[in-house]
Amino acid sequence: QEEAQAIDQELFTEYKFSVDQLMELAGLSCATAIAKAYPPSSFTTSQPTVLVVCGPGNNGGDGLVCARHLKMFGYEPTVYYPKRPNKPLFEGLTTQCQKMDIPFLPEFPAEAALIDELYGLVVDAIFGFSFKGAVREPFSSILSTLERITVPIASIDIPSGWDVEKGKADGLQPDMLISLTAPKKAAMHFAGRYHFLGGRFVPAALQEKYALNLPPYPETDCVLQLT
Amino acid sequence: VPVSSRQAFPLPSLPRKQPTVLVVCGPAQNGAIGLVCARHLRIFDYEPTIFYPKRSPDPLYRDFTTQCEKMDIPFLSYLPTEVQLINDAYNAVVDAVLGAEAEAGEGREPCAAILATLKHIRIPIVSLDVPSGWDVEAGSSGGISPEVLVSLAAPKQCARRFLGRQHFVAGRFLPYDVQKKFELNPPEYPGTECVVALRTPR
């Protein structure tokens, strides 16, 4: 977790990347990975509907960007975004989604069965690699519900609720994980079908400095399928 | 816009041993897009070099410059007027000098001198959005002749005069209602691609 935070710090302070830039690239990778693993034609729902659950921090921001690109790729995303930071970045991302007719649910579907009926896929953009400590409401109930759905879950960077290094055996079991920048330790406990790497922006010098040993991305793709 | 400035430019097809590319950046937004493009080219394992004589004071664009510098992308201090030097050192030139916003930019230094040199090079030019120096609507006679044009968001009027080998549209971010409002009729992007090739007359 500390290494991931250190890399981020360097990208912002030394390389002068803006959060906006990296979040845009990260969100695009997530949408691209999802489109590769779950093409619209593979959905059993009549439309390729996706529920994107966004948390209160940067992981939620990644989710908003992802939702927007999913819309451009022909999906029908719906967002649930209960705790919105008071910052221009997140307000902007929200506006972009709303202006693209992406609905924002006023409340979370009460039952797992309802989610299964309405959506073909759920994107977990609740907590990322900075997550520490106990899960507070409303996310605790949300995660309980998500643990009971049968449609696949695609988690952004870390399955929400998992310990960033040790995982969580009785927690969320996503079908897909999109690791951003580099897989975190928790990824070792990932048991789903699809593990993608996204966030193709780490300069070679940083990769070496932190001995990331990332496999090469194919050509100009912004995602790499690891499993 | 920066996200979409990657281009379809096959690495194995380059004639020189090192995949060197010269990215010439103008003073405004088109130049900034060139900086972002150079950074992504570096990530794709090309060896870009940048010529950016007149740097924008905009903090966002200054950060783009820092990102490139920190990624060991060299910045030339001058552009050789001897075209053979450029032909020999690079496989292609990315023209990010002037975009659709430029009006009288062509006449002003250092753009005029840069364009004069670029008119005579033999290696392919890839122009971002508008071939620099062309009138954005009427096109140009006697201006540079790029081999590849990457129209951003939608082709500009002058693209009709484009005679090069490949025309791409990039910048897959226009919401549907904006497309309708301006009657853009953009082509369909395949799958998750952020670039789509248009059919050229040739």
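Each residue is numbered by its place in its chain's sequence as written, counting from 1. Key to labels: chains lettered from A, ligands numbered from 1, both in the order written. In keeping with the predicted nature of the model, local features appear solely for residues at pLDDT of at least 70, side-chain atom pairs appear and are counted solely at 80 or more, and the whole-chain, interface and lining totals rest on all residues. Excluding hydrogens and water, the side-chain figures rest on all heavy atoms present in the structure.

### Looking at unusual backbone geometry
Residues and elements named next belong to chain A. To be explicit about the condition: Numbering of helices and strands runs from the N terminus, with a helix taken as a DSSP run of H or I at least four residues long and a strand as a DSSP run of E at least two residues long. Burial here depends on accessible area, computed with a 1.4 Å probe over protein chains only, as a share of the maximum for the residue type. Under 20% is buried, over 50% is exposed, and the range in between is partly exposed.
With an omega of 5 degrees, the peptide bond between Glu137 and Pro138 qualifies as cis. Following the sequence through the fold, Pro138 ends up in the loop between strand E3 (121-125) and helix H6 (139-146). Its identity is not glycine, yet Lys16 carries a phi of approximately 60 degrees, on the positive side. Among the structural elements, Lys16 can be located in the loop between helix H1 (2-13) and helix H2 (19-37). One non-glycine residue, Asp101, lies in the positive phi region at around 60 degrees. With respect to the element layout, Asp101 can be found in the loop between helix H4 (88-99) and helix H5 (112-118). Given the relative accessible area of 61%, Asp101 is considered exposed.

### A look at the environment of Val150 of chain B
Tracing the backbone shows Val150 of chain B in strand E6 (residues 148-152). Remark: the alpha-carbon pair of Val150 of chain B and Val169 of chain B, spanning 19 residues in sequence, is separated by 5.5 Å.

### A word on the packing of helix H1 (residues 29-43) of chain B against helix H2 (residues 59-70) of chain B
All names here are of chain B. To keep it simple, the criterion reads: Axes here refer to lines fitted to C-alpha atoms; in helices the fit is confined to the stretch in contact. Angles between the N-to-C directions go from 0 to 180 degrees. Note on angle classes: values under 35 degrees are labelled roughly parallel, values over 145 roughly antiparallel, values of 65 to 115 roughly perpendicular, and the remainder oblique. Left-handed describes a crossing in which the near helix is turned anticlockwise from the far one by less than a right angle; the clockwise case is right-handed. When checking whether two residues touch, look at their non-hydrogen atoms; a contact exists if any pair is within 4.5 Å. For this scheme, ten residues count as nonpolar: Ala, Val, Leu, Ile, Met, Phe, Trp, Tyr, Cys and Pro. Four count as charged, namely Asp, Glu, Lys and Arg, and the remainder, Gly too, count as polar.
For the pair H1 and H2, interaxial distance at closest approach is 9 Å and the crossing angle is 25 degrees. Considered as vectors, H1 and H2 are oriented roughly parallel to each other. Crossing angle aside, the handedness with which H1 passes H2 is left-handed. Residues Gln29, Ala32, Leu35, Val36, Ala38 and Arg39 of H1 pack against Tyr61, Phe64, Thr65, Gln67 and Cys68 of H2. For the contact of H1 with H2, a count of residues per class yields seven nonpolar, three polar and one charged.

### Comments concerning the interface of chain B and chain A
To keep it simple, the criterion reads: Each reported salt bridge corresponds to a side-chain nitrogen of Lys or Arg within 4 Å of a carboxyl oxygen of Asp or Glu. Polar contact is the term for a pair of N or O atoms within 3.5 Å; when the atoms are in protein, one must be able to donate a hydrogen and the other to accept it, and sequence-neighboring residues count only if both atoms are side-chain atoms.
Contact with chain B, which involves 20 residues of that partner, is made by 23 residues of chain A. Linking chain B with chain A are one salt bridge. A salt bridge links Lys70 of chain B to Glu14 of chain A, with the nearest nitrogen and oxygen atoms 3.2 Å apart. Linking chain B with chain A are five residue pairs in polar contact (both at pLDDT 80 or more), by the criterion used here.

### Observations concerning the confidence of the model for chain B
Residues and elements named next belong to chain B. Put simply, the rule reads: pLDDT expresses how confident the predictor is about each individual residue, on a scale running from 0 to 100.
Per-residue confidence for chain B gives a mean pLDDT of 83; residues scoring 70 or more make up 86%. Contacts of residues 1-6 to residues separated by more than four positions or lying in other chains number 22 contacts, the stretch itself having pLDDT below 50. Both scores are available for the predicted complex, with the pTM at 0.89 and the ipTM at 0.86.

### Considerations on the sheet that holds strand E4 (residues 153-156) of chain A
Residue and element names in this part refer to chain A. Inclusion rule: A pair of strands counts as paired when DSSP detects no fewer than two bridges linking them.
Taken in spatial order, the seven strands of this open sheet run E2-E1-E3-E4-E5-E6-E7, and their pairing is mixed. Since the sheet does not close on itself, it has two edges, and those belong to strand E2 (76-80) and strand E7 (223-225), each with one partner. For this sheet, the mean angle separating the axes of adjacent strands, direction not counted, is 20 degrees. Of the pairings in the sheet, the one linking strand E5 (residues 176-180) to strand E6 (residues 194-198) comprises five bridges and is parallel in character. Bridging across to E6, Leu180 finds its partner in Gly198. H2 rests against E3, E4, E5, E6 and E7 of the sheet, and its axis sits at about 150 degrees to E5.

### Some remarks on the packing of H2 of chain A against H4 of chain A
All names here are of chain A. Remark: H2 packs on H4, axes separated minimally by 11 Å, with the N-to-C direction vectors making an angle of 40 degrees. By the criterion of interaxial angle, the relationship of H2 to H4 is oblique. The two elements H2 and H4 cross, and the hand of that crossing is right-handed. Along the contact surface, H2 presents Val19, Asp20 and Met23, while H4 presents Leu89, Phe90 and Leu93. For the contact of H2 with H4, the class distribution of residues is five nonpolar, no polar and one charged.

### What about the packing of aromatic side chains?
The criterion, for reference: Pairing of aromatic rings covers Phe, Tyr and Trp, the last counted by its six-membered ring, and requires centre-to-centre distances within 6.5 Å; plane angles under 30 degrees mean stacked, over 60 mean edge-to-face, and any other angle means tilted. We call a charge positioned above a ring when the Lys NZ or Arg CZ atom is no farther than 6 Å from the ring centre and deviates by at most 35 degrees from the ring normal.
Throughout the structure, instances matching the rule amount to seven aromatic pairs over all chains. Here Tyr15 of chain A and Phe17 of chain A contribute two aromatic rings whose centre-to-centre distance is 6.4 Å and whose plane-to-plane angle is 20 degrees, an arrangement assigned as stacked. Residue classification places Tyr15 of chain A among the buried positions, given a relative accessible area of 4%. A centroid spacing of 5.4 Å and a plane angle of 80 degrees characterise the contact between Tyr38 of chain A and Tyr194 of chain A, whose relative ring orientation is edge-to-face. You can see Tyr38 of chain A sitting in the loop between H2 and strand E1 (49-54) and its partner Tyr194 of chain A sitting in strand E6, a full 156 residues away along the chain. Judged on exposure class, the residue Tyr38 of chain A and its partner Tyr194 of chain A are both buried. Taken together, the aromatic side chains of Phe127, Phe131 and Phe139 of chain A make up a single cluster linked through ring pairs. The positively charged end of Lys70 of chain B is found above the aromatic ring belonging to Tyr15 of chain A, 5.4 Å away from the centroid.

### Here's the deal with helix H3 (residues 58-72) of chain A
Heads up, the rule is: By definition here, a helix of n residues has an expected span of 1.5 Å times n minus one.
Compared with an ideal rise of 1.5 Å per residue, which puts 15 residues at 21 Å, H3 of chain A spans 21 Å between its outermost C-alpha atoms and is within 8% of the ideal. Here H3 of chain A lies mainly inside the structure; 13 of its 15 residues are buried.

### Topic: the nonpolar core
Nonpolar side chains tend to gather and get buried jointly when the protein is soluble and globular. Counted only if it meets this: Take the buried residues of types Ala, Val, Leu, Ile, Met, Phe, Trp, Tyr and Cys, join any two whose side-chain atoms come within 4.5 Å, and each joined set is a nonpolar core.
Of all hydrophobic cores here, the largest spans 47 residues; its most connected members are Leu11, Leu206 and Leu212 of chain A together with Val23, Leu35, Ile50 and Val150 of chain B. Per-element accounting of this core gives the leading share, eight residues, to H1 of chain B. Filtering out sequence-adjacent residues up to four positions away, Leu35 of chain B remains in contact with Cys25, Ile50, Tyr52, Tyr61, Phe64, Thr65, Cys68 and Phe75 of chain B. By size, the runner-up hydrophobic cluster in this structure holds 43 residues, among which are Ala67, Tyr75, Met176 and Cys222 of chain A.

### Some words on the pattern of salt bridges
All names here are of chain A. Counted under the stated rule, the structure contains eight salt bridges over all chains. Two residues, Lys184 and Asp157, come together in a salt bridge whose shortest N-O distance is 2.8 Å. A residue pair is termed long-range when its members are at least 10 positions apart, and Lys184 in the loop between E5 and E6 and Asp157 in the loop between E4 and E5 qualify at 27 residues. With respect to burial, Lys184 and Asp157 carry one shared label: buried.

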